[in-house]
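Residue-level structure breakdown
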Amino acid sequence: MDFLEAKEIQVGLAVAAVVVIATAAYLYSSKKSKVGSIDPENFRDFKLVKKIQLSHNVAKFRFALPTPTSVLGLPIGQHISCRGKDSQGEEVIKPYTPTTLDTDVGYFELVIKMYPQGRMSHHFREMREGDFMSVRGPKGRFRYQPGQVRAFGMLAGGSGITPMFQVARAILENPNDKTQVHLIYANVTYDDILLKEEIDGLATNYPGRFHVYYVLNQPPEEWTGGVGFVSKEMIQAHCPAPASDVKILRCGPPPMNKAMAGHLDALGYSSEMQFQF
C-alpha cells in the first residue's frame, strides 16, 4: 500500500466517523426533544400565552411548553393535575384532560367550563395571559395502545367530553389505527356542547370510523338528536354491541356515570368491557 492509498483510507474512515457521530447526535437530539415536559411527582409552571373565551362560561387556555419543539408527554387517556387558589385564597388541585396531543408541539390546551361556585373555576376565571399554571402529571388508570379493541363506545356528559375527545383524536389521526369510535355526548342545552366544531370535524374527516350522537335535555326547536337523558335504547342504537373486543368508556357527572353503569350492566357489558374516567 503506497502513501496516497493510506491517506485515502484515513480520509474515508474520518468521513465515516463524522457521519456516524452526526447520525447518533441527531437520533439523540430527536429522542431528547420528545422527553415530556411534566413530572408525575412535582408541579411545574407553564405560562398562559392565549385565552380565548368560547362562551359566557367556557374558555380555551393555551400554555407554552419550555421550547417550541417540546411535547407535554401525556400518554393517551391520561390527565394532568392543575393547582390554583379558590376565591378564599385556599389551594385547590383538580384533574383536567388537555384537548391537545403530543403531535401538537410547543404548547398544550385546556378547554375549561367555569362554574359559578367551582373552586378551580375561580382560578381559571381570574387567569390572564402571562400568568403561570402549576401542573403535575401524568395521572390516570387508562392506558391506550393502538388496536387494543375493535371499537370504543363513549358515553360523555358535559365537560366529561375532554378525555373522550383526546382518545378519539389520537385514534383517528393515527393512519395505522383502524379502531371504530362511537360517541354519545349528553348536555342540558345546545350552548353547553363543548368542542362541537372539533367533534363535527372528526365526523366529517373520518366518516367511516367516527360516529357521534348528541343528546340534549332541553333541545332547541327542530332538534334531530336525542332528547332527555341517555337511555339503554340510545346505547343499543349508537354503541357497539357487547363483545370481547369492545370497550365502553364513560365520563360525566356522578349521577350520569351511575346511571350509565346500570344501563351497561343491563345490556350485557361485562366489567372488563367498561371503563370510567
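In what follows, the structure referred to is the one given above.
Quick caveat, the model's predicted, so the values are computed rather than measured.

About the thresholds
- Residues numbered from 1 in each chain as written.
- Predicted model: local features only at pLDDT ≥ 70, side-chain atom pairs only at ≥ 80, totals over all residues.
- Heavy atoms only, no water.
- Helix = DSSP H or I, 4+ residues; strand = E, 2+ residues; numbered from the N terminus.
- Buried < 20%, exposed > 50% of the residue type's maximum accessible area, 1.4 Å probe, protein only.
- Contact = heavy atoms within 4.5 Å.
- Areas by Shrake-Rupley, 256 points an atom, 1.4 Å probe, with all protein chains shown as cover.
- Axes fitted to C-alpha atoms, helices over the stretch in contact; angles between N-to-C directions.
- Parallel < 35°, antiparallel > 145°, perpendicular 65-115°, else oblique.
- Left-handed = near helix turned anticlockwise from the far one by under 90°.
- Nonpolar A, V, L, I, M, F, W, Y, C, P; charged D, E, K, R; others polar.
- Core = buried A, V, L, I, M, F, W, Y, C linked by side-chain atoms within 4.5 Å.
- Pairing = 2+ DSSP bridges.
- Right-handed = clockwise from strand over helix to strand, strands pointing away.
- Expected span 1.5 Å × (residues − 1).
- Arc of directions from axis to C-beta.

**Describing the overall build of the protein**
Secondary structure assignment for the protein yields 6 helices and 12 strands. A buried classification covers 43% of the 277 residues belonging to the protein. A sequence separation of at least 24 residues applies to 72% of the contacts in the protein between residues at least 6 apart. As presented, the protein carries roughly 14,800 Å² of accessible surface, and 55% of it is formed by carbon and sulfur atoms.

**Focus: the packing of helix H3 (residues 161–172) against helix H4 (residues 196–205)**
Two elements in contact, H3 and H4, have axes separated by 11 Å at closest approach and are oriented at 30°. Regarding the angle of H3 to H4, the classification is roughly parallel. For the crossing formed where H3 meets H4, the hand is left-handed. On H4, the residues that touch Ile161, Phe165, Ala168 and Leu172 of H3 are Glu198, Ile199 and Leu202. Looking at the contact of H3 with H4, its residues break down into 6 nonpolar, no polar and 1 charged.

**A closer look at the nonpolar core**
In globular proteins that are soluble, nonpolar side chains generally tend to be buried together. Met154, Ile161, Leu183, Tyr185 and Ile199 are the most contacted members of the largest nonpolar core, which has 29 residues in total. A per-element tally of this core places H3 first, with 7 residues. If sequence neighbours within four positions are ignored, Ile199 has contacts with Ile161, Phe165, Leu183, Tyr185, Leu194, Phe210, Val212 and Tyr214. Leu74, Leu110, Met127 and Val135 belong to the second largest nonpolar core, which has 22 residues in total.

**Things to note about the pairing of strand S9 (residues 210–216)**
The buried fraction of S9 amounts to 5 of the 7 residues, a majority that puts the element mostly inside the structure. Pairing of strand S8 (residues 180–187) with S9, which is carried by 7 bridges, proceeds in the parallel orientation. Within S9, the position partnered with Leu183 by the bridge is Val212. Of the crossover connections in this fold, the one passing from S8 over H4 to the parallel S9 is right-handed. The pairing of S9 with strand S10 (residues 226–227) spans 2 bridges and is classified as parallel. What sits directly across from Val215, in S10, is Gly226.

**A short note on the sheet that holds strand S4 (residues 91–96)**
The antiparallel open sheet is built from 6 strands, whose spatial order is S4-S3-S6-S1-S2-S5. Of all strands in the sheet, those with a lone pairing partner are S4 and strand S5 (107–113), marking the two edges. Ignoring strand direction, the axes of neighbouring strands in this sheet form an average angle of 40°.

**Section: helix H6 (residues 254–267)**
Compared with an ideal rise of 1.5 Å per residue, which puts 14 residues at 20 Å, H6 spans 20 Å between its outermost C-alpha atoms and is within 8% of the ideal. Taken residue by residue, H6 has Met256, Asn257, Met260, Ala261, His263 and Leu264 as its buried positions. Down the axis of H6, the buried set is contained in an arc of 165°. They therefore lie on one face. Away from the buried face of H6 by more than 90 degrees, exposed residues Pro254, Pro255, Lys258, Asp265 and Ala266 are located. Packed against the buried residues of H6 are strand S7 (151–157), S8, helix H5 (232–238), strand S11 (246–251) and strand S12 (274–276).

**Points about the sheet that holds S7**
Strand pairing in a sheet takes place through backbone hydrogen bonds and is either antiparallel or parallel in direction. Pairing in this open sheet of 6 strands is parallel, and the strands run S10-S9-S8-S7-S11-S12 from one edge to the other. This sheet does not close on itself; its edge strands, each paired only once, are S10 and S12. Bridge count for S11 against S12 is 3 bridges, and the pairing is parallel. Looking at S12, one finds that Leu249 is bridged to Phe275. In the packing of H3 onto the sheet, the strands contacted are S7, S8, S9 and S11, and the crossing angle to S7 comes to about 155°. Strand contacts of H6: S7, S8, S11 and S12, with the helix running at about 160° to S11, the strand carrying the most contacts.

**Topic: the pairing of S7**
Within S7, 7 of the 7 residues are buried, which leaves it mostly tucked inside the rest of the structure. Judged by which residues are buried, S7 turns out to be covered on both faces: Ala151, Gly153, Leu155 and Gly157 on one side and Phe152, Met154 and Ala156 on the other are all buried. Note that S7 and S11 share 6 bridges and pair parallel. Counterpart to Ala151 in the pairing with S11 is Val246.

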